[in-house]
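# Coordinate inspection notes
Listed below are the residues making up each chain.
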Amino acid sequence: MLIIGLTGSIATGKSTVSSLLSSPPYSLPIIDTDLLARKVVEPGTEGYKAIVNYFGPTTPDLLLPASPPESDSPSPTTTDDSRPLNRLALGRRVFGTTEDRKRDRMILNKIVHPAVRWEVYKALCYHYLRGHWAVVLDVPLLFESGMDLICGTVVVVGVRDPAVQMERLLARDRHLSAEEAENRVKSQGDVMGKVARAEFRGKARGLVVWNDGDKRQLEEEVRSALQVVSASSPRWWAWVLLVLPPEMSSG
């Protein structure tokens, strides 16, 4: 099974590419680490408890307000340890370039990343046993987390003009100020740096999907990239891998 690492920076169109890859004619399974990162910090998890213990004392709005009880409920049962995290408040603590924010982001990553990795490995085993020829590992910080090392191919979704990226982000997340948007872009690294790292891997092992135009142009970019990927890892290889060790899945 080929592991295709999909990455980019915020508002470059990675989620759109992920959606295209999960739909016909590709129909590839997607392992979305953003979704897994939410799962591992749900109320009651070890990740949730660690975040509340560290950030709670200095972030009064870290938890969302308790939901009002239903009209036929005899009494409210919501407690602090069942209130979801306020992701906007947490984002204000960790996105930015100051030393304090870098430190807080590092601590948050140390809490979340190990749990996400474990969920990723479980998902990879599941799709491997089902005989898929390829799986898409959708990771915003693919290179930064070192997860590119288990990927046979890396696809970076990029835009050439940083102004386009900022414009898309502000249009998508209208609650963000210009400063907050800029901090989020910087926290995910320079997309051109990711492009260079992908291209350094060589043909078929590192590809770039440019998203400077409309959706039709993006679909054509994805089609061209998948043609290269499919040619370098034919689907019959998935059936061979069923009788070989899972470690081969990164090849």
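Attention here is on the structure that accompanies the text. Quick caveat, the model's predicted, so the values are computed rather than measured. (Residues numbered from 1 in each chain as written. Predicted model: local features only at pLDDT ≥ 70, side-chain atom pairs only at ≥ 80, totals over all residues. Heavy atoms only, no water.)

## Focus on the overall build of the protein
Going by this rule: Helix and strand definitions follow DSSP, with helices as H or I runs of at least four residues and strands as E runs of at least two, each counted in order from the N terminus. A simple rule labels every residue: compare its accessible area, found with a 1.4 Å probe on the protein chains alone, to the largest value its type can have, and call it buried under 20%, exposed over 50%, or partly exposed in between. Any pair of residues with heavy atoms lying within 4.5 Å of one another is described as a contacting pair. In this description, accessible areas are obtained by the Shrake-Rupley approach with a 1.4 Å probe, and a residue is regarded as covered only by the protein chains that are shown.
Counting secondary structure elements, the protein contains eleven helices and five strands. Per-residue burial over the protein gives 43% buried out of 251 residues. At a minimum sequence separation of 6, the contacts of the protein that also span at least 24 residues come to 73%. About 13,700 Å² of surface is accessible on the protein, with carbon and sulfur atoms providing 57% of the total.

## Let's talk about the pairing of strand β1 (residues 2–8)
Consecutive side chains of a regular strand alternate in pointing toward one face of the sheet and then the other. Defined as follows: Strand pairing requires that DSSP identify at least two bridges connecting the strands.
With seven of seven residues buried, β1 lies mostly within the body of the structure. The alternating pattern of β1 places L2, I4, L6 and G8 and I3, G5 and T7 on opposite faces, both of which are buried. Taken together, the five bridges between β1 and strand β3 (residues 134–138) define a ladder with parallel strand orientation. Counterpart to I4 in the pairing with β3 is V136. One ladder, built from five bridges, connects β1 with strand β4 (residues 153–158); its direction is parallel. Counterpart to I4 in the pairing with β4 is T153.

## Section: the side chain of D173
Applicable threshold: Counted as a polar contact is a pair of N or O atoms within 3.5 Å, where, for protein atoms, one must be capable of donating a hydrogen and the other of accepting one, and residues adjacent in sequence contribute only when both atoms are in side chains.
Examined against the element boundaries, D173 turns out to sit in the loop between α7 (162–172) and α8 (178–187). Looking at D173, the relative accessible area reads 15%, which means it is buried. Side-chain polar atoms of D173 contact the side chain of R172, separated by 3.1 Å.

## Considerations on the sheet that holds strand β2 (residues 30–32)
Rules: To get an axis, a line is fitted to the C-alpha atoms, and for a helix only the part in contact is used. The angle between two axes follows their N-to-C directions and goes from 0 to 180 degrees.
Reading across the sheet, the five strands line up as β2-β3-β1-β4-β5 and stay open at both edges, with parallel pairing between neighbours. A single partner strand is all that each edge strand has here, and the edge strands are β2 and β5 (206–210). Pairs of neighbouring strands in the sheet enclose a mean axial angle of 20°, with direction left out of account. Taken together, the five bridges between β4 and β5 define a ladder with parallel strand orientation. Counterpart to V157 in the pairing with β5 is V209. Contacts from helix α9 (residues 191–200) reach β1, β4 and β5 within the one sheet, and its direction differs from that of β4 by about 150°. Sitting on the sheet, helix α10 (residues 215–232) is in contact with β1, β4 and β5, with an inclination near 165° to β5.

## Things to note about the packing of aromatic side chains
The condition that has to hold: Ring pairs are drawn from Phe, Tyr and Trp, using the six-membered ring of Trp, whenever the two centres fall within 6.5 Å, and their geometry is named by plane angle: stacked under 30 degrees, edge-to-face over 60, tilted for the rest. Whether a charge sits over a ring depends on NZ of Lys or CZ of Arg being within 6 Å of the ring centre and within 35 degrees of the ring normal.
According to the stated counting rule, one finds one aromatic pair in the structure shown. If you follow R160 out to its NZ or CZ, it ends over the ring of W210, 4.0 Å from the centre.

## What to know about the packing of helix α4 (residues 87–94) against helix α5 (residues 99–129)
Short version of the rule: Oblique is the label for any angle not under 35 degrees, not over 145, and not in the 65 to 115 range, which are roughly parallel, roughly antiparallel and roughly perpendicular in turn. For this scheme, ten residues count as nonpolar: Ala, Val, Leu, Ile, Met, Phe, Trp, Tyr, Cys and Pro. Four count as charged, namely Asp, Glu, Lys and Arg, and the remainder, Gly too, count as polar.
Packing of α4 against α5 leaves a shortest axis separation of 7 Å and a crossing angle of 125°. Here α5 runs oblique to α4, going by the angle between their axes. Side by side, α4 and α5 meet where L90, R92, R93 and V94 of the first sit next to R101, D104, R105 and L108 of the second. Residue classes in the contact of α4 with α5 are distributed as three nonpolar, no polar and five charged.

## Remarks on the layout of surface pockets
The cut-off we apply is this: Whether a set of points on the 1 Å grid over the protein atoms alone is a cavity depends on a 1.4 Å probe fitting there but being unable to get out, while an open set qualifies as a pocket with protein on both sides within 12 Å along at least five of seven lines; lining residues are those with an atom within 4 Å of a point. Grid points are joined across faces, edges and corners, and a volume is the space filled by probe spheres set on the points.
Approximately 1,300 Å³ is the volume attributed to the largest pocket. What lines the largest pocket is a set of 40 residues, and nearest its centre among them are D34, R87, F95, P140 and Q188. Looking at the lining of the largest pocket, the elements that each hand over two or more residues are α1 (14–22), α2 (33–39), α4, α5, α7 and α8. The leading source of residues in the lining of the largest pocket is α5, at seven residues. In terms of residue class, the lining of the largest pocket is made up of 17 nonpolar, 13 polar and ten charged.

Treat this as a map of the structure, not an account of what it does.
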